[in-house]
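Residue-level listing of the chains:
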Amino acid sequence: MIKRIILLSVIISLNQGCTQKTSKVTHKHTNALINETSPYLLQHAHNPVNWEAWRPEVLERAKKEDKPLLISIGYSSCHWCHVMEKECFEDEEVAQMMNDNFINIKIDREERPDVDQIYMDAITMMSGNGGWPLNIVALPDGRPFWGATYVPKDNWIKSLQQLIDLYQNDKSRIVKYATDLSNGINAINLVEHKPDSGLFTMEQLDASVENWARHFDNFLGGYKRAPKFMMPNNWDFLMHYAETNNKPELMEQVDVTLRRIAFGGVFDHVGGGFSRYAVDTKWHVPHFEKMLYDNGPMTSLYARAYAVTKNELYLDVVERTIAFVQEELLDENGGFYSSLDADSLDENGELEEGAYYVWTKEQLGQLLGADFEVFKDYYNINSYGLWEHGNYVLIRDKEDAEIAEKHNISVEELKQKMQNAQQILKKERAKRSKPRLDDKILTSWNGLMLSGLIDAHRYLGNQEYLDMALKNAEFLEKEMIKDDYSLFRNHKDGKSDIDAFLEDYAIISEAFLSLYEVTFDEKWLNHSKKLVEYAKVHFLDPKSGMFFYTSDADTSLIRRSIETVDKEISSSNSIMAKNLLKFHKLYPDEGYGDMAKQMLKNVQDDFVESAQGYANWMNLVLFENQNFYEIAVVGENYKTLGKEISKTYIPNSILVGSAKDGPVELLTNRYAEGETFVYVCIEGTCKLPVQTADKAVALINNP
């Protein structure tokens, strides 16, 4: 283990606070970021700092001029990024020091997660924690030697002056430190190839889940800590595990969590959709930014939970989340924008986190009139729902029946009153200054929303969701997939210029495969398979059997990362491994299954102690240890019958269909004229065919 090294007195506190001030737009200065499309980079295009984007020619110039790199990484909806911009990067004194002594590079972490990963690992090794804005100072070749997150102006100037002095007067010491740190950054990313390991057993998986469950918050849902992140892949796996292993107590924990999240302020009760996370234990006060990459997986999670439970609350969450995305994040070309900012202008014209979303008691009383008394109880306009400065964040903690009984009205009347109140508040809120929109379109995030729409259509039966999904898929097909099946990462204003990363290939392949399952259109199956094949050629690490995050065609960084930990977005390798296993079921002779098993073997030792960080991976343990069903529908009525089967939650399955012979072995030589048959198979061995969805599902539920 590489030691944490504190470089003289330069490492400063990362947790200092500051007061947000009014953002003032000025065009006195313009830098190279004016030529970029990222909204985050464009936010900094008129800073006096001579910012440049991360490009090979910029790095080459740093080497020629022997200037250290000052790399600042953030994203457009990041509150503290805005704060530091105002305090430091808009200040001409600070800018002069930065321009004279550094090559200054601004990075949108959402466009360049490959760079962000490396430098986040670096700051974590240096200081023990990280966050954004992420500020790194590195040698001209990119090896880091100092890092911090938010830094106030005075400390920023002091830190930079110390770094300048060190670089000019004791460069050999800095080079040694950077070398040691870079070696450590590479060492923590190594994945060992483990060919002789046996696959994780169900007994081991049971032990992992039991150990994991000690951290659950049984009353408020999620985990016993704050802040609380929603972590949809955690609850998705636990629902899969609970349903296929008859664990009602675990499904109850999933239900508690999903109910509390839906009741909490982290879900927008006025406009729909989810914020980033809650800062407290009861899901009340959110970090108000709304990200596409949260709302897509949360749509999938609640749609699947609805399929399992038929809980009307989950249905409502799905519908209102999609309505939010459609209203606020959908481009006319079918692509989805990235996010809404946490900050917006308050009534005094100052940027304030959450200003768009919160209410005072007086405002609510005036707007809602006679219904305010019911609303007050329903959404806790009391000490439970109070946030700060007299502002309330709406939060529920009681079921409809209890509120209705208290106010002597029917549940139906209560629901109507609350819907009316939501409409009144939404109309009033529309008069406020809206949060800034990040309108870049990212491939992987669109894939997550595409999967959410597919799941919503599948389990709710809404044709509009499928239409939206198809338009999005066709946009991705047209704008993001090149002729050789390489992908672009980004798109804005008709322009795409960044090569995609493994997460883009894995997530889009997964989404297209799901789209095939609900349409039986061979095009999406073919696209999905070709994306996996491209990734095998350009991303696969032959030594470990894992996939690198970056392509072999990309300009090399100081490390080719291998991403294995499931975070808010499941790791690119875990998604790819699931894709490979499913393709093995369709193409059993092409080696996909062996690849998936080896990837699982390489990471499974971490499951017992770190289950939360490997939730998506652990679906593979269930797939490998339990029956995995290949369901084939063949005949004239194949689409209707396939749609009926799709409504049932069967996570350990893949569904294929055709009118006659289809593109995979499961669909060949099964056609009978005038009939439509369903074949339920395991590794290609099929039970006797049936002719109804109910009978097909019964073969799975009662093997």
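Use the structure listed above.
Description of the structure in this document.

1. Quick word on the layout of surface pockets
By volume, the second largest pocket is sized at about 660 Å³. Lining the second largest pocket we find 28 residues, and of these Asp316, Arg320, Tyr378, Gln419 and Gln422 sit closest to its centre. Only helix 10 (248-263), helix 12 (312-328) and helix 16 (411-429) provide two or more residues apiece to the lining of the second largest pocket. Top contributing element to the lining of the second largest pocket by residue count: helix 12, with eight residues. Considering only residue class, the lining of the second largest pocket consists of 11 nonpolar, seven polar and 10 charged.

2. Points about the sheet that holds strand 19 (residues 653-658)
Here four strands make up an open sheet; going across it, the order is 19-18-20-21 and the pairing mixed. In this open sheet, the two strands that pair with only one neighbour each are strand 19 and strand 21 (685-686). Sheet analysis places strand 20 (residues 676-682) next to strand 21, joined by two bridges and oriented antiparallel. In the strand pairing of strand 21, Ile682 is matched with Thr685. Helix 25 (residues 693-701) contacts strand 18 (629-635) and strand 20 of the sheet and is inclined by roughly 10 degrees relative to strand 20.

3. A few points about the pairing of strand 19
Most of strand 19 sits inside the fold, with six of its six residues counted as buried. Judged by which residues are buried, strand 19 turns out to be covered on both faces: Ser653, Leu655 and Gly657 on one side and Ile654, Val656 and Ser658 on the other are all buried. In this view, the connection linking strand 18 to its parallel neighbour strand 19 by way of helix 24 (residues 638-646) has right-handed handedness.

4. Notes on the pattern of salt bridges
Note on pairing: side chains with opposite charge can pair once their charged atoms come close. Enumeration over the complete set of coordinates arrives at 47 salt bridges. Of the charged contacts, one joins Asp605 and Lys194 as a salt bridge, the two residues approaching to 2.9 Å between their closest N and O atoms. Taken together, the residues span a long stretch of sequence, with Asp605 in the loop between helix 22 (592-603) and helix 23 (615-625) and Lys194 in the loop between helix 7 (171-187) and helix 8 (202-213) at a distance of 411 residues. Since its relative accessible area comes to 54%, Asp605 is described here as exposed. A network of salt bridges, in which partner residues are shared, links Asp108, Glu110, Asp438 and Lys440.

5. Regarding the side chain of His457
Position of His457 among the secondary structure elements: in helix 17 (residues 443-460). Those residues in contact with His457, other than ones at most four positions away along the chain, are Asn462, Gln463, Tyr465, Leu466, Val518 and Lys643.

6. Section: the sheet that holds strand 13 (residues 386-388)
Reading across the sheet, the three strands line up as 12-14-13 and stay open at both edges, with antiparallel pairing between neighbours. Because the sheet does not close on itself, it has two edges, and the strands there are strand 12 (359-360) and strand 13.

7. A closer look at helix 6 (residues 153-169)
Taking 1.5 Å per residue, 17 residues should reach 24 Å; helix 6 reaches 24 Å between its end C-alpha atoms and fits that length. The set of residues buried in helix 6 consists of Trp156, Ile157, Ser159, Leu160, Leu163, Ile164, Leu166 and Tyr167. In this structure, the buried residues of helix 6 make contact with strand 1 (69-74), helix 3 (79-89), helix 4 (92-101), strand 3 (134-138), strand 4 (144-148) and helix 7.

About the criteria used
- Residues numbered from 1 in each chain as written.
- Predicted model: local features only at pLDDT ≥ 70, side-chain atom pairs only at ≥ 80, totals over all residues.
- Heavy atoms only, no water.
- 1 Å grid on protein atoms, 1.4 Å probe; cavity = no way out; pocket = protein on both sides within 12 Å on 5 of 7 lines; lining within 4 Å.
- Points joined across faces, edges and corners; volume = space filled by probe spheres on them.
- Helix = DSSP H or I, 4+ residues; strand = E, 2+ residues; numbered from the N terminus.
- Nonpolar A, V, L, I, M, F, W, Y, C, P; charged D, E, K, R; others polar.
- Pairing = 2+ DSSP bridges.
- Contact = heavy atoms within 4.5 Å.
- Axes fitted to C-alpha atoms, helices over the stretch in contact; angles between N-to-C directions.
- Buried < 20%, exposed > 50% of the residue type's maximum accessible area, 1.4 Å probe, protein only.
- Right-handed = clockwise from strand over helix to strand, strands pointing away.
- Salt bridge = Lys/Arg side-chain N within 4 Å of Asp/Glu carboxyl O.
- Expected span 1.5 Å × (residues − 1).

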